[in-house]
Amino acid sequence: MDKRTYTVIEGGSIITPQGFRSGGIHCGLKKTERYDLGAIVCEVEATAAAVYTTSAFQAAPLKVTRESLADGKLRAIIVNSGNANACTGQQGEADAYAMRATAARSLGVAEQDVAVASTGVIGELLKMDCVTSGIEALPPRLSGTESGADDFSQSILTTDLVKKEACVSVVVDGKEITIAGAAKGSGMIHPNMATMLAFMTTDAKIDQASLQQLMRQATDLTFNMITVDGDTSTNDMLVTMASGLAGNETLHASHADWDIFAKAFTYVCQSLAKAIARDGEGATKLVEVLVTGAISEPSARAIAKTVVGSSLVKSAVFGADANWGRIIAAVGRAGEPVNPDNVDIRLGDITMLRESRPIAFDEDEALVYLKGDTVRIFVDLHNGEGQATAWGCDLTYDYVRINAAYRT
């Protein structure tokens, strides 16, 4: 990121921007008493935009949300975890519409103003008696307090170990604007649009087309640059609601403070994306790969994601094995132009390869570095001006254990 023009709000959440309430509840979709149903509600009609998975198999809630967002406005988002409502046919689609209708009735808003999201096991029908009663019981649990935000963040988790939240403030037109987000994601992470499930709120007044474009640009740099296991979900979705209550002039790409706002928005996306990568199923380390000197930015992105997604690189990081051969092999198979005689590789501050020739390094120093909770890999291709950063995690025994028994 460029020099900060925003302030990180420690402890901030999706209800910190003006006009939002949220909450969560256990309705019975999960076998434990963990929360599995949540909602975010805006007190006014919010400008809204979304991006979705590129998977050919898109879950029923995505169709419903696309319809709700046809006019670029929302009042609420209803989310369940524990069941993805994906690959469930006409009944699954009917259930997603029923979720929207029940939420609209319970919240006192129009059906068209409600988005629907689901996450969890694929191919099983929702227990609609649980979902319906849960939605009807949810309104009293919604609040503009941190407890409401925490309940929502907990309600969207599946195999996640921790909740993911981020919040910043920025000054636009002399007014303080807040941007916040909450996300879930731990496995089945290899986005090709946005993210697993992520929800952002802001009190900025913003043009809908500009918000949509900003979301696409920000996700290309953040959510689209993470991977845990190379699998793209059927339910990936990022939705943003803007209440417009901060009192600024309408933001758009030509606004004098647009870049300031865009950087703050992108920072929130990056914080959530990195939190997802760090919390990858079974992960013990966050892995960050910075590629410079590529022929173009898209080329750098492709190479960075190939390296961070390599099972061999991920396994070497888990085993604290400073095997730069895994890294250069991933660079070479990314399908992007490179000069094989002029590549540099560093692990943190430890240079391992210069001009494609091995450099003697201290193995003990490398071992200590790799045992840390964050591992940074630097690749300089000396082939152009393109650069990009990707994030992922190590591949551990626990990843196999978790996914070998995901349904059971």
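Residues numbered from 1 in each chain as written. Predicted model: local features only at pLDDT ≥ 70, side-chain atom pairs only at ≥ 80, totals over all residues. Heavy atoms only, no water.

1. Focus: the overall build of the protein chain
- In terms of regular secondary structure, the protein chain is built from 11 helices and 15 strands.
- Against the 2.2 N^0.38 benchmark of 22 Å for 408 residues, the protein chain shows a C-alpha radius of gyration of 22 Å, consistent with a compact globule.
- Principal-axis analysis of the C-alpha atoms gives the protein chain an extent of 65 × 55 × 35 Å.
- A total of 408 residues make up the protein chain; the buried ones form 55% of that total. (Helix = DSSP H or I, 4+ residues; strand = E, 2+ residues; numbered from the N terminus. Rg over C-alpha atoms; globule rule 2.2 N^0.38 Å. Buried < 20%, exposed > 50% of the residue type's maximum accessible area, 1.4 Å probe, protein only.)

2. Details of helix α3 (residues 128–137)
- Listed in full, the buried residues belonging to α3 are M128, C130, V131, G134 and I135. Buried residues of α3 fall within an arc of 155° about the axis and therefore sit on the same side.
- In the core, the buried residues of α3 are packed alongside β2 (20–25), β3 (37–52), β4 (73–83) and α2 (89–107). (Arc of directions from axis to C-beta. Contact = heavy atoms within 4.5 Å.)

3. Brief notes about the confidence of the model for the protein chain
- Looking at the protein chain, pLDDT values average 91 and 93% of them are 70 or higher.
- Taken element by element, the predicted model of the protein chain shows its lowest mean pLDDT in helix α11 (residues 397–404) (75) and its highest in β2 (98). (pLDDT = per-residue confidence, 0-100.)

4. Digging into the sheet that holds strand β12 (residues 350–354)
- The strand order β13-β12-β11-β14-β10-β15 describes an open sheet built from six strands, whose pairing is mixed. Looking along the sheet, the strands with just one partner apiece sit at the ends: β13 (357–358) and β15 (386–393).
- Where strand β11 (residues 344–347) and strand β14 (residues 374–380) come together, four bridges link them in antiparallel fashion. If you follow R346 over to β14, its bridge partner there is F378.
- Its contacts with the sheet put helix α6 (residues 258–278) on β10 (286–294), β14 and β15, and the angle it makes with β15 is roughly 45°.
- Strand contacts of helix α7 (residues 297–309): β10 and β15, with the helix running at about 25° to β15, the strand carrying the most contacts. (Pairing = 2+ DSSP bridges. Axes fitted to C-alpha atoms, helices over the stretch in contact; angles between N-to-C directions.)

5. Concerning the packing of aromatic side chains
- Counted according to the given criterion, the structure contains five aromatic pairs.
- A centroid spacing of 5.6 Å and a plane angle of 75° characterise the contact between F152 and F199, whose relative ring orientation is edge-to-face. Here F199 lies in strand β8 (residues 197–202) and F152 lies in helix α4 (residues 146–155), a separation of 47 residues in the sequence. Across this residue pair, the class does not change: F152 and F199 are buried.
- Measuring from centroid to centroid gives 5.4 Å for F318 and Y397, while their planes differ by 90°, and the two rings are edge-to-face. (Phe/Tyr/Trp six-rings, centres within 6.5 Å; stacked < 30°, edge-to-face > 60°.)

6. Observations regarding the pairing of strand β6 (residues 164–172)
- Where burial is concerned, most of β6 is hidden: seven out of the nine residues are buried.
- Relative to β6, strand β1 (residues 7–8) is paired through two bridges, and the arrangement is antiparallel. Looking across to β6, one finds that T7 is bridged to S169.
- Looking at chain direction, β6 and strand β7 (residues 175–184) are connected through nine bridges and run antiparallel.

7. Overview of the packing of helix α1 (residues 60–68) against α2
- Here α1 crosses α2 at 45°, and the two axes come no closer than 8 Å. Taken as axis vectors, α1 and α2 run oblique relative to one another. Between α1 and α2 lies a crossing whose hand is right-handed. Of α2, the residues touching α1 (which contributes A60, P61, K63, V64, E67 and S68) are G92, E93, A96, Y97 and R100.
- Here the contact of α1 with α2 is composed, by residue class, of five nonpolar, two polar and four charged. (Parallel < 35°, antiparallel > 145°, perpendicular 65-115°, else oblique. Left-handed = near helix turned anticlockwise from the far one by under 90°. Nonpolar A, V, L, I, M, F, W, Y, C, P; charged D, E, K, R; others polar.)

8. A closer look at the nonpolar core
- Ranked by internal contacts, the top residues of the largest apolar core, which has 71 residues, are I177, I179, F261, F265, I377 and V379.
- Looking at this core element by element, the count peaks at 12 residues for α6.
- With sequence-adjacent residues up to four places away left out, V379 is seen in contact with L290, V291, T292, I327, V331, V343, D344 and I345.
- In terms of nonpolar packing, the next biggest core, distinct from the first, is built from 29 residues, A59, A115, A117 and L197 among them. (Core = buried A, V, L, I, M, F, W, Y, C linked by side-chain atoms within 4.5 Å.)

9. Description of the packing of α2 against α3
- Close contact between α2 and α3 brings their axes to 9 Å; oriented N to C, the two are set at 20°. Judged by the angle between their axes, α2 and α3 are roughly parallel. For the pair α2 and α3, the crossing hand works out as right-handed. Contact residues: D95, A98, M99, T102, A103, R105 and S106 in α2; M128, V131, T132, I135 and E136 in α3.

10. Structural notes on the pattern of salt bridges
- All told, the structure shown has five salt bridges when counted by the stated rule.
- A salt bridge links E165 to K163, with the nearest nitrogen and oxygen atoms 3.5 Å apart.
- By relative accessible area, E165 is classed as partly exposed at 28%.
- By relative accessible area, which is 33% here, K163 ends up partly exposed.
- For R376, the salt bridge is made with E288, and the minimal N-O distance between the two is 3.2 Å. You can see R376 sitting in strand β14 and its partner E288 sitting in strand β10, a full 88 residues away along the chain.
- The exposure class assigned to R376 is partly exposed, which follows from its relative accessible area of 34%.
- When salt bridges that share partners are traced, they join D150, K163 and E165 into one network. (Salt bridge = Lys/Arg side-chain N within 4 Å of Asp/Glu carboxyl O.)

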